[in-house]
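# Structural overview for review
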Amino acid sequence: MNTGSDEPGEVAMAEDQTKIERALGSRAPEFIKARRALHLSWQVGVFIVGLAVVVAGVIMLPLPGPGWLVIFGGMAIWATEFVWAQLVLRWTKRKVTEATQRALDPKVRRRNIILTTIGVVIVAALVGVYVWKFGLEMPWHIKE
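Residues numbered from 1 in each chain as written. Predicted model: local features only at pLDDT ≥ 70, side-chain atom pairs only at ≥ 80, totals over all residues. Heavy atoms only, no water.

Taking 1.5 Å as the rise per residue, helix α6 (residues 106–134) with 29 residues should run 42 Å; its terminal C-alpha atoms sit 42 Å apart, in good agreement. Directly beyond the C-terminal end of α6, a positive phi value near 80° is found at glycine 135. (Helix = DSSP H or I, 4+ residues; strand = E, 2+ residues; numbered from the N terminus. Expected span 1.5 Å × (residues − 1).)

Given below as structure tokens:
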């Protein structure tokens, strides 16, 4: 068995456990961070681009498109420069991971499958009653 180490008695840890989180703060190139005016204009540019992406995601929520994915993309753009966005993104990733773990719980999966089955049976019964009573006519063409 390969434990990922040449030392006896050591066990290899998962890559995500040993990965240290990146430090908070700006990820702008050093020559930009060295000049205050340039760094400020860089931050304004990053904010505007991130805001445009987030606004596009909010617009996509009621319209067709991957709204939440685009919103999180805008947050990731902001997180390259702003500590508050980095903290929000870390919190969101942690919550999504926790929700994924809960969803993979066998009890929760069983409950979800049962509830989905019940919902499908109810919808099928309602469609059956409608077809029995009115046939295959659309509701706006029914003549009583």
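So, about the pattern of salt bridges. Summed over the entire model, instances satisfying the criterion amount to one salt bridge. Note that glutamate 98 and lysine 95 form a salt bridge whose closest N and O atoms lie 3.7 Å from each other. In this pair, glutamate 98 and lysine 95 both sit in helix α5 (residues 83–103), three residues apart, roughly one turn of the helix. Under the relative-accessibility criterion, glutamate 98 is labelled partly exposed at 34%. (Salt bridge = Lys/Arg side-chain N within 4 Å of Asp/Glu carboxyl O. Buried < 20%, exposed > 50% of the residue type's maximum accessible area, 1.4 Å probe, protein only.)

It is the contact of helix α3 (residues 36–60) with helix α4 (residues 67–79), at a shortest axis distance of 7 Å, that shows an interaxial angle of 170°. With respect to α4, the element α3 is oriented roughly antiparallel. Within the contact between the two elements, α3 uses Val46, Phe47, Val49, Gly50, Leu51, Val53, Val54, Ala56, Gly57, Val58 and Met60 and α4 uses Gly67, Val70, Ile71, Gly73, Gly74, Met75, Ile77 and Trp78. (Axes fitted to C-alpha atoms, helices over the stretch in contact; angles between N-to-C directions. Parallel < 35°, antiparallel > 145°, perpendicular 65-115°, else oblique. Contact = heavy atoms within 4.5 Å.)

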